[in-house]
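# Structural description and commentary
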Amino acid sequence: MEQKIYLPGDHPWQNRIHFFDTLPSTNDYAKALAAQGAAEGTVVIAGSQSAGRGRMGRSFHAPEGLGLYLSVVLRPGCEPGKLMHLTCAAAVAACNAVEHCSGIRPQIKWINDLILENKKLGGILTELSVSSKTGLVDWAVIGIGINCLHRKQDFPREIQSIATSLLQAAGCSVTPDSLAAALILQLFAINSELLTKKTEIMHTYRQDCLTVGRDVMLLQGEVQTPVTVLDVDFDGGLMVRFPDGAVSTVCSGEISIRGLCGYL
Ligand code: BTN
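Residues numbered from 1 in each chain as written. Predicted model: local features only at pLDDT ≥ 70, side-chain atom pairs only at ≥ 80, totals over all residues. Heavy atoms only, no water.

Spatial strand order, β1-β2-β3-β7-β6-β5-β4: 7 strands in an open sheet with mixed pairing. Edge strands, defined here as strands with exactly one partner in the open sheet, are β1 (17-23) and β4 (107-109). Averaged over neighbouring strand pairs, the angle between their axes works out to 20° when direction is ignored. Against the sheet, helix α1 (residues 26-35) touches β1, β2 (43-49), β3 (67-74), β6 (119-130) and β7 (137-147), its axis set at about 160° to β7. (Pairing = 2+ DSSP bridges. Helix = DSSP H or I, 4+ residues; strand = E, 2+ residues; numbered from the N terminus. Axes fitted to C-alpha atoms, helices over the stretch in contact; angles between N-to-C directions. Contact = heavy atoms within 4.5 Å.)

Here we come to the packing of helix α2 (residues 86-102) against helix α5 (residues 198-208). Put simply, α2 and α5 touch, their axes get as near as 9 Å, and they point 70° apart. Classified by the angle between their axes, α2 and α5 sit roughly perpendicular to one another. The interaxial crossing formed by α2 with α5 has left-handed handedness. Where α2 approaches α5, its residues C88, A89, A91, V92 and C95 are matched on the opposing element by I201, M202, T204, Y205 and D208. Among the residues making up the contact of α2 with α5, the classes are represented as 8 nonpolar, 1 polar and 1 charged. (Parallel < 35°, antiparallel > 145°, perpendicular 65-115°, else oblique. Left-handed = near helix turned anticlockwise from the far one by under 90°. Nonpolar A, V, L, I, M, F, W, Y, C, P; charged D, E, K, R; others polar.)

S25, Q49, R53, R55 and K120 are the nearest of the 20 residues found near the ligand. Contact distances for the ligand include 2.7 Å between an oxygen atom and a side-chain N or O atom of S25. One nitrogen or oxygen atom from the main chain of R53 is found 2.7 Å from a nitrogen atom belonging to the ligand. Protein contacts shield 98% of the accessible area of the ligand, which totals 410 Å² for the unbound molecule. Listing elements by their share of the shell around the ligand, those giving two or more residues are α1, β3, β6 and β7. Counting residues per element, the shell around the ligand draws most heavily on β6, at 4 residues. A per-class count over the shell around the ligand returns 5 nonpolar, 11 polar and 4 charged. (Near = heavy atom within 4 Å. Polar contact = N/O pair within 3.5 Å; in protein donor to acceptor, adjacent residues only side chain to side chain. Areas by Shrake-Rupley, 256 points an atom, 1.4 Å probe, with all protein chains shown as cover.)

Before going further, it helps to spend a moment on the side chain of H11. Considering the arrangement of structural elements, one finds H11 in the segment before β1. When its relative accessible area of 10% is taken as the criterion, H11 is described as buried. Ignoring sequence-local partners within four residues, the contact set of H11 consists of L185 and F188. (Buried < 20%, exposed > 50% of the residue type's maximum accessible area, 1.4 Å probe, protein only.)

Set out below in structure tokens:
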């Protein structure tokens, strides 16, 4: 596929961008490149995905030319415990990029969904590999999907009521390519301050996160528990109060949430 992403000429990641008309999943391709030693800042973009993946084994609908489907390889080289906020940092970068291109800032549904007008605009899938020798993170792949030009009928019927695009929600004709350039710049910036500006990054995340203060259903396997969300901690953990008054922090690993009366 012809390269159409314009970064400032001397940008360190400019020559690490790989384009494909279609891939099963940009995350899978980026993970394979990372395992072969690809440099930090290696970016994989596809015009469509046939097997786009989301959190918790879900699929991510990725039709041709309508959305941005991008994955980036990072090499933070630190202990995995220092990267608990990585998905949150990627969400902030994605909100910054969307705001830059459209003038509209999405909100975030904990932990990884981008929201506009109460519907899902996109999502983030973060995957890590830890070296068995050093115990340090060998690579991290952040995959981001953002719906740009979809009309309602471009989504499968079963998600039409919960999914949206920049065009549908805000009337903005932001192309996947222009959003890709903004997103790469934002990911580069946030990667450079991932470990040094964690407090600031998480402060922004909490401001963008619409889940804070809501009553939601905690979903863990078959178990559903109603909780009130008190806050998001500095590792991205969700601080919740259970009906019996007990307060606890849950991590995103095996848990997702949904609203008491619907998606949010
Ligand atoms: C989610 O909704 O839970 C996360 C969706 C993440 C989708 C993006 S699209 C680019 C990258 N490749 C994938 O297979 N998934 C991510």
